[in-house]
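So you can see what is in the structure, the chains are spelled out below.
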Amino acid sequence: MGEGTHRKPLFWVGSSRADLSAFPPPVKEVMGFALHLAQVGGRHIDTKPLKGFGGAGVVEIVEEHDGSAYRAVYTVRFAGAVYVLHAFQKKSKRGIATPKAELDLVKARLKRAEEHHEQRRSS
């Protein structure tokens, strides 16, 4: 990734920036690097498509720290930009599935990202 690498702009939807900022420093470092990779067209080794969103357009990164799981969800679905949709600490110790309330929030924020992307294209 040399100096000529195109870096897509990063947009934070809702409280995602503040939420991620509250994570422990080692978690923020991993997630920041993953978002940087997304901006330059790469993909962090620990990312995976978020189930229920039709393929790899909505991506989740999970980082464990001190017995807690931290998650950040972003999308590269819209050309030329990366949108951070949600960042949260998974509270439940049961199961690995993302709770429905968190998925509903991601869906709502994905719609906001889509609207923002359309406004950027038309301006």
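These remarks concern the structure in this document. (Residues numbered from 1 in each chain as written. Predicted model: local features only at pLDDT ≥ 70, side-chain atom pairs only at ≥ 80, totals over all residues. Heavy atoms only, no water.)

1. Here's the deal with the pattern of salt bridges
Rules: Salt bridges are identified by distance alone: a Lys or Arg side-chain nitrogen within 4 Å of an Asp or Glu carboxyl oxygen. Numbering goes from the N terminus for both helices and strands, where a helix is a DSSP run of H or I of at least four residues and a strand is a run of E of at least two.
What the rule picks out here adds up to 4 salt bridges. Glu115 is paired through a salt bridge with Lys111; the nearest N and O atoms lie 3.7 Å apart. Residue Glu115 and its partner Lys111 are both found in helix α3 (residues 100–122); the two are separated by 4 residues, about one turn of the helix. A salt bridge links Glu118 to Arg121, with the nearest nitrogen and oxygen atoms 3.9 Å apart. Separated by 3 residues within a single helix, Glu118 and Arg121 lie in helix α3, roughly one turn from each other.

2. Section: unusual backbone geometry
Non-glycine residue Asp66 carries a positive phi angle of around 50°. Inspection of the secondary structure puts Asp66 in the loop between β3 (58–65) and β4 (68–75).

3. Here's the deal with the packing of aromatic side chains
Selection criterion: Classification of ring pairs rests on two measures: the distance between centres of Phe, Tyr or Trp rings, Trp counted by its six-membered ring, which must be within 6.5 Å, and the angle between planes, read as stacked under 30 degrees, edge-to-face over 60 and tilted in between. Accessibility here uses a 1.4 Å probe with only protein chains present; expressed as a share of the type maximum, an area under 20% marks a residue as buried, one over 50% as exposed, and anything in between as partly exposed.
Within the structure shown, the criterion is met by 3 aromatic pairs. Both rings, one in Phe11 and one in Tyr83, keep their centres 5.1 Å apart while their planes meet at 25°; by these two values the pair is stacked. One end of the pair, Phe11, is in strand β1 (residues 10–12); the other, Tyr83, is in strand β5 (residues 82–90), and 72 residues separate them in sequence. Geometrically, the ring pair formed by Phe78 and Tyr83 is edge-to-face, given 5.8 Å between the ring centres and 90° between the ring planes. The two residues Phe78 and Tyr83 agree in class, both being buried. Each member of the aromatic cluster is reached from another via a ring pair, and the members are Phe11, Phe78 and Tyr83.

4. Digging into α3
For clarity, the cut-off: What a helix is expected to span follows from its residue count: subtract one and scale by 1.5 Å. Two residues qualify as a contact provided that any one of their heavy atoms is within 4.5 Å of a heavy atom in the partner residue.
Over its 23 residues, α3 extends 33 Å from the first C-alpha to the last, a length consistent with the 33 Å expected when each residue adds 1.5 Å. What α3 keeps buried is the set Leu103, Val106, Arg109, Leu110, Ala113 and His117. Looking at the packing, one finds that the buried side of α3 touches α1 (16–21), β3, β4 and β5.

5. Some remarks on the environment of Lys8
Considering the arrangement of structural elements, one finds Lys8 in the segment before β1. Note: C-alpha distance between Lys8 and Ala79 (71 residues apart in sequence) is 8.9 Å. Beyond its immediate chain neighbours, meaning those up to four positions away, Lys8 contacts Ala38, Gln39, Gly80, Ala81 and Val82.

6. Quick word on the sheet that holds β3
The condition that has to hold: One requirement defines pairing of two strands: DSSP has to find at least two bridges between them. All axes are obtained by fitting lines to C-alpha atoms, using only the stretch in contact for helices, and the reported angles, taken between N-to-C directions, cover 0 to 180 degrees.
Strand order in this open sheet of 5 strands is β1-β5-β4-β3-β2, and the pairing throughout is mixed. Both edges of this open sheet fall to β1 and β2 (47–49), since each of them pairs with a single strand only. Strand-to-strand twist of the sheet, defined as the mean angle between neighbouring strand axes without regard to direction, takes the value 30°. Note: β3 against β4, 8 bridges, orientation antiparallel. The residue of β4 that forms the bridge with Glu64 is Ala69.

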